[in-house]
Each structure stands twice: as C-alpha cells, then as structure tokens.
Amino acid sequence: MLKKLFRAAFTLAGGIVGYGAFLLTKYVLTVSNIAVFDQLTKLQHFLIAAAFVLIFVLIFFKATPTLNRHSKKVTRNI
C-alpha cells in the first residue's frame, strides 16, 4: 500500500516537473526572440504541454522502483 502511494506521489511530482519544463522552455524561447510559440494555436500549446507532462510522468513512474530500492538501502545503512 505504501509503495503504491509513494509511486503515485512520485508520478504526480513528475507531471508537475514536466509542466514546469514546458513553461521554462516557453520562457527561454520567448526571451531568446525565437517566435515559435507565437505562431501556435491554443490547442497546439495544450498538446505540447501534455507531451511534456506525459514524458516526465513516464520517466518518474519508471524511476520509482529504483529510487525506492536506493532509499531502503540508505535507511538500512543509517
């Protein structure tokens, strides 16, 4: 039960990080005067943001067991 809760929380954090990465990319392109996002519609903005979120959710979801193993190892060593 605790493993599932930890995995869900870590996956949710991945989604938040993914959306943050999208906003950071959008900001950097805007500051650099690269007008990529000015030509896109709201639907395209949403789809790009959803792709960022999905990629990071999958990365964090797959990384959870490894992180869980390492955290158990650290707690045993302490």
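The present account deals with the structure reproduced in this document. Just so you know, these numbers come straight off a predicted model, no measurement behind them.

Quick notes on the rules
Every chain begins its residue count from 1, and numbering advances along the sequence as written. The predicted origin of the model limits local features to residues at a pLDDT of at least 70 and limits the giving and counting of side-chain atom pairs to 80 or more, whereas totals for whole chains, interfaces and linings rest on all residues. Think of the side-chain values as coming from all heavy atoms in the structure, minus any hydrogens and water. Stacked, tilted and edge-to-face pairs are distinguished by plane angle, under 30 degrees for stacked and over 60 for edge-to-face with tilted covering the rest, among Phe, Tyr and Trp rings (Trp via its six-membered ring) whose centres lie within 6.5 Å. Helix numbering and strand numbering both begin at the N terminus, where a helix is a DSSP run of H or I of at least 4 residues and a strand a DSSP run of E of at least 2. Think of it in three bands: residues with accessible area under 20% of the maximum for their type are buried, residues over 50% are exposed, and the middle band is partly exposed, with areas taken using a 1.4 Å probe on protein chains only. Residues are treated as being in contact if the distance between any of their heavy atoms lies within 4.5 Å.

A word on the packing of aromatic side chains. Considering all chains together, one arrives at four aromatic pairs under this definition. Ring geometry for Phe-6 and Phe-10: centres 6.1 Å apart, planes at 15°, overall stacked. Here Phe-6 pairs with Phe-10, and both are found in helix H1 (residues 2-31), just four residues apart, close to one helical turn. Exposure remark for Phe-10: the relative accessible area of 22% places this residue in the partly exposed category.

Among the secondary structure elements, Thr-64 is positioned in helix H2 (residues 42-77). Looking at Thr-64, the relative accessible area reads 3%, which means it is buried. Setting aside its immediate chain neighbours within four residues, Thr-64 contacts Phe-6, Arg-7 and Phe-10.

Before going further, it helps to spend a moment on the side chain of His-45. Locating His-45 in the fold gives a position in helix H2. Looking at His-45, the relative accessible area reads 17%, which means it is buried. Residues contacting His-45, with those up to four places away along its chain left out, are Phe-22, Lys-26, Phe-37 and Leu-40.

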